[in-house]
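Here's the letter readout for the chains.
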Amino acid sequence: MKTLEEIFTRLNLSKDALIRLSDEKWEKKVRFPSRISRLLKNNIKPAAFFYFDNKPLILFFENPKDKNALHQAIWNFNESPIAIILEKGVVEIFNGFKLLKEEKVLEKIGGFDKLNDFTYFELVTGKTWGKYRNELSDKNRVDYNLLNNIKFARELILAEFFADVDDKIKTKLTNALLGKTIFVRYLIDKKVKISFDDKSRTWTNDDFCELLNNHEKTNKFFNRLADPDKGFNGNLFPIENSEYEQIPITAYSIIKRLLKSEDMGSGQFSLFDLYDFSIIPIEFISNVYESFIGVENQAKDGAYYTPLFLVDYILSETIGKRLAETNDTNCKTLDPACGSGVFLVETLRKLIETYLLNNKDIKRDGDNFKSAIKKIAEDNIFGIDKDESAVQIARFSVYLTLLDYLDPPEIETFKFPKLSGNFFCDDFFNENAPFNRLKEKEFSFILGNPPWMRGKNEKKTPSYVKYINDRQKKEKIEKEEPIVEIGNKEIAQAFLLRSGDFSKENTKCALIVTSKVLYNLQGKDFRKYFLHNYFIERVFEMAPVRREIFDKSNDKAIAPACALFFKYAIGQNTDKNFIEHIALKPSRFFSMFKIFTLSRNDVKIVQQDRLKKYDWMWKVLVYGSYLDFNFIKRLYDDFDTVGNIINQEQIVFKQGIKRKDGNKQIKVSELIGKSFLDTQKKQLQPFMVVDSTQKWENEYVGYVYKENEKPYIELFQPYSLLITGGIFKDFTSNAAVNKKERIFTSSVRALKIKDDKQLDVLYSINSVLCSSVFSYYMLNLGASSGIEREESEDAEIENMWYIKIPNILLEASKIEEYEIQKNNIKNVIVENISVKERCDTIVLSQLKLSVEEKILLDYANNITIPIQMRHKGYERHFLPIKLDDNTLTDYADLFIDRFASNFGKIGKRFIVEIWHTQQIIGMFFKVISDSEYKQNISLIDKQKDSSGLFQKVTQLGTERITDKLFVQKDVRGFEKDYFYIFKPNEKRLWHKAIGYLDVDEFSDAILKEAGKNNHE
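A. Fine view of the pairing of strand β29 (residues 748-752). Judged by how many residues are buried, β29 sits mostly within the fold: five of five residues are covered. Side-chain alternation along β29 places Val748, Ala750 and Lys752 on one buried face and Arg749 and Leu751 on a second face that is also buried. Of the pairings in the sheet, the one linking strand β22 (residues 652-655) to β29 comprises four bridges and is antiparallel in character. Bridge pairing in β29 places Lys654 opposite Ala750. Of the pairings in the sheet, the one linking strand β27 (residues 720-727) to β29 comprises five bridges and is antiparallel in character. For Leu721, the partnering residue across the bridge sits in β29 and is Leu751.

Below is the structure:
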C-alpha cells in the first residue's frame, strides 16, 4: 500500500471513528483528558488514530523518523493496544502493550496480511481482541513491569537494614527513598531544570546515578528539593536528618542498579531505561502503594488493591455525573481510607479538566493557573488513612497530578500546597482525632475502598467495634426501629455507618466493601439498620467476576467485592426508595482486551422496602430475576423448611469432632479405635458411605459446642444423615445416610434421628440435597456459593425446603445400590446415570412445577452455574447460534403463545421473522392479514447484508460506562405494524428463561401504550 488513506479504506473506518491530527478541530471531536490529548499531540504524534468509546485504540504512522523512540513512547503511553506503521509502502502492525526488552521495539503482530483482523466490524464486535488476547496480555504492559521492578528493589533495600532497626522505621525510610527517586526521575524525564550546588540545569538519568555514589550528597539533594524557598515545598516523603543515618549505604547502590536497568538479582531485570515518567500515567505511580504496603500489611490491615477500572466506574457515576450537570469545581471529596489516593487523584483530575473547560482562555504558563489548580486541590481533596506510607503516597500522587498540567518552565517555579489540613494519618474511628473537624465541611462525596477484615481474637476491642458500641448508647431507638449492629466484627460495615457522621443532606457516598456484607447470615441485623437509615442508590456487585477484577491482588483467596452507592437518610423514611442492582457476570469479553460487559438482565430495579421484608432477596438479585423471586416465594409458601421438620421430629443437628481448637482440648479416650470416616479420602459420597479400616486415634480433641462439654457421642451412632460443609461445583451437596458407628470431624454435619422410623425424613432431605433443586437453592439463596466459595452453612440447610417424597425408602435404596455397584464394579454398568439425575426424577415431581418454573431450573443448572463455575465446555454458551438451532424458534414460540390468540380474533396473524448473522440476531414480531400468511416463523440469513443495519445496531446496542465497562443493551422498539428486538448472537441470551422476561416486558409496554391511547 502506498498511503494511509488506502489502509483506512481497507479497514472501513468511518469518518467519525477516524481522527486525523492534521484536523485542527480534532480535540473537539473527542473527550479525552487533557493529558491524553497533550501526549498524542506533543509526544506520540500519530498521523491519525482510530477512536472508539473514548479510547485511541489504533495509532497510525507514516514514515516515522526515530522508530525506537516512537515504540518506547507508545509502550509508556499505555493507552493504545495497536500501532500500524506504513513505511515506504510496507505495512507493519505492532502490539502497543508489549516492548521487546533486548530490541527495545514493540512486538510485531503482522503486516499487510493481518489488516483484515482490524476492520471496523472486527474491532467493535470484539473479534479482534479475542484473536489477540494473548498478545495483549496485561503482563506485558508498562504498569505491570514498573510495579514489579519497584517492588523487587524495595525488598532488596529492606533486607539491607541492620536487624536492630524497627520494622516501621525500615518501611518508612525505604518507601521514602523510593518515592523521592521516582519524583527525581519524573523531573528528569520532564526535562525540568533542577537547582543544586548553585547550578540550575536539566539532569539526565546518568547524572542522578552518579550522584547516588555519594549518599551524603544525595541526601542533601533530596532535602534541597523539599526546601520551601529553593525547592518545591510540600511535605514530600519527609526524612529527618537523623533518620538518613539509619539508611544503609547499600540502598543507594540498589537504586542506582534499578535506574541503570541492571540485573537486580534472582533473574530480575529492571526496565528503568525504557520507562518515560513524562508519559507514564500518574495513576500507575499511585498504585505503587500496592507494592509498598507488602503482603503482610495487606493481610493485617485488610487493605486491597483498587483496580483502575473500578475507580473509573465509581467516579463516572458520582463526580462525573455531577460535573456533567453543573460544571462546578466546588466538589469536596473525602476518602476515609485513602490508601495511595487513587480516588482523590482521579477526582482532582476531573475537577481540573472541568476548570479548563470553563476557562478556555486561561494561560497555563501564568501564575493564575498555578494558583487555581492548587486551590482546587486544597479546597476539595481530603484523605484519611492509618498507614503513614499510604498518606505519603497519596500526597505525592496529588503533587504529581498538579505538575502533570504544567510544562517544564512552570514546574521549576511551582510550589506544592502543604495539604496539612487535607490528609490525616489516623484511625477513621478515632472520634477525638483532629480530622473530625472535617464534619463541618459540606462534602459532595465520600468515596473509597476501606479495609475488609474481621476483628478476630483481638486482646483489645478494635476501635471500630468500640465506635459501634458507643453509637448504640448514643442513639435513641424507637420500639420498631432496628438497633445499630455489625456482623462478625466486619470493619467494612462499620465504615459504611461511620460515613454518615461526615454526611450532610446532599452528601453521596460510594464505598467498595466485601460482598459478604449483603449475604452473610450473621449480617441480617446490620442490613436491617442500614436499609432503615440509609438510602441505597445502587449496588454494583462484582463477586461473580472477582478473580478477573482483582487479578493483581496480593490475596490468593480473592475476596468478593461490591460497590455500594448510598446516602445517609438523616431521619427520612427509606421504604419507597428504588435501588438499581447491577451484577457483573463472566462474558466472552473477559478474554478480550479486559473489557467487562453488562447484559440487560444483569441490571434490576427493586424497591428498598422489599429487601427489608425479604432479606434473602439480596442473593436472588445477583443470579435470578423477578421470576425466580416468585418461584422461590411460591416454594416457601407451599413447603415447610428442614429446620421446622427437625424441630418437630426432635432430630439432632450437630457438627462432628474438631481436631484442634487452639490450646483448648478435651479428652475423648472412649473414641479411640472406633471406625473413622475420612472425607479427604472421599469416603463420603452422594448416597454412599465407603467402608474403611481406618480408626480414630486422637485422645484429645478441640471443644465442639461449649467449653468442657464432651462431644455428643450418640451423634456417631446410626442413623444419621451426614452432610459435608463444602458443596460440589454444580452446587449439589455431598450427603449420605450413615448406618454404622463412625467418628467424623467438624467438616461433616449430621442430622441424627432417634430410630429407623424417621429414615424417610433423612432420605427425603438427602434426595433434595443431591438434586437440581438444591443447586437452584444455593445459586439463588446460598450466602457463599457463586460469591466466594462453594459451601453450605447449617442455617442454609435448615432454611431449605422440606419436600416429603412418597416411597422414599424404596427409591433411596435403588440409588444407594446403584452407587455401591458403580463404585465396586468399574466399567461394568453401561447405564451411567448421575445421582443428581436420579434424585431429580423423584424430587421434581413433588414440586408441581409450571412450564416456566421448569425453564428457570434448567437455566440455573445448565447455563448460569456452568458459566459461573467454568464447567468444562462452558464457553459454548457464549458461542453463536446456528440459523437452524431450535433455541431461536423456542424463543419465538413464547411470543406467539402470548400474542397470537389476540390477533386471530380479528382476522389477523401474528408471525415472527428472524434475521440471523454470526454476530447479531434480530426478531421482528409482525401482525399481517390472513391472505399474507405463510408460516408462523421464518428464518432469514442476513450474514451478507450490506445495508449497514447491523453495524448501526451494534453501535446502538453498546453503551459505554467507562473505558473498561460497557452495557450490552438489547435494541428494541415499536413500529406501526410490528415490534422488534436485536441482541448479540450468544446462546445464553436467547434461552427461554430470558424469553419469558422479554415477553413480559413487551406485554407490559403494549398495555401501557394501549392505556395511554384509551386515556387520550
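B. Main features of the side chain of Ser785. Summarising the element assignment, Ser785 is placed in the loop between α31 (772-781) and α32 (794-799). A polar contact of 2.5 Å, which involves the side chain of Ser785, links it to the backbone oxygen of Met778. Setting aside chain neighbours within four positions, we find Ser785 in contact with Lys619, Ile727, Phe731, Met778, Leu779, Glu790 and Glu791.

C. Quick look at the packing of aromatic side chains. Throughout the structure, instances matching the rule amount to 71 aromatic pairs. With centroids separated by 5.5 Å and ring planes inclined at 20 degrees, the aromatic side chains of Phe526 and Phe530 adopt a geometry described as stacked. With Phe526 and Phe530 both in helix α24 (residues 524-533) and four residues apart, the pair spans about one turn of that helix. Here the two residues Phe526 and Phe530 agree in accessibility, since each one is buried. Ring centres 5.8 Å apart and planes at 20 degrees place the aromatic pair Phe774 and Tyr777 in the stacked group. Of this pair, Phe774 and Tyr777 are both found in helix α31, three residues apart, which corresponds to roughly one turn of the helix.

D. Quick look at the pairing of strand β37 (residues 978-984). Where burial is concerned, most of β37 is hidden: six out of the seven residues are buried. Pairing of strand β32 (residues 920-929) with β37, which is carried by seven bridges, proceeds in the antiparallel orientation. Within β37, the position partnered with Phe925 by the bridge is Phe979. As defined by bridge partners, strand β36 (residues 971-974) adjoins β37 across four bridges and the pair is classed as antiparallel. Its bridge partner being in β37, Gly973 is matched across the sheet by Tyr980. From the end of β36 to the start of β37, which pair antiparallel, there are three residues.

E. Fine view of the side chain of Thr354. Mapped onto the secondary structure, Thr354 falls in helix α17 (residues 342-358). For Thr354, a relative accessible area of 6% gives the class buried. Within polar-contact distance, the side chain of Thr354 engages the backbone oxygen of Lys350 at 2.9 Å.

F. Unusual backbone geometry, seen in detail. Following Pro718, the chain continues into Tyr719 via a peptide bond in cis, with omega recorded as 5 degrees. Looking at the element boundaries, Tyr719 is found in the loop between β26 (700-701) and β27. At Lys88, a residue that is not glycine, the phi angle is positive and equals roughly 55 degrees.

G. Region of the structure containing the environment of Cys839. Along the polypeptide, Cys839 turns up in helix α34 (residues 835-843). Discounting chain neighbours no more than four positions away, the residues touching Cys839 are Phe687, Ser767, Cys770, Ser771 and Ile815.

Conventions used here
Residues numbered from 1 in each chain as written. Predicted model: local features only at pLDDT ≥ 70, side-chain atom pairs only at ≥ 80, totals over all residues. Heavy atoms only, no water. Buried < 20%, exposed > 50% of the residue type's maximum accessible area, 1.4 Å probe, protein only. Helix = DSSP H or I, 4+ residues; strand = E, 2+ residues; numbered from the N terminus. Pairing = 2+ DSSP bridges. Polar contact = N/O pair within 3.5 Å; in protein donor to acceptor, adjacent residues only side chain to side chain. Contact = heavy atoms within 4.5 Å. Phe/Tyr/Trp six-rings, centres within 6.5 Å; stacked < 30°, edge-to-face > 60°.

Don't take any of this as a statement about function, it's just geometry.
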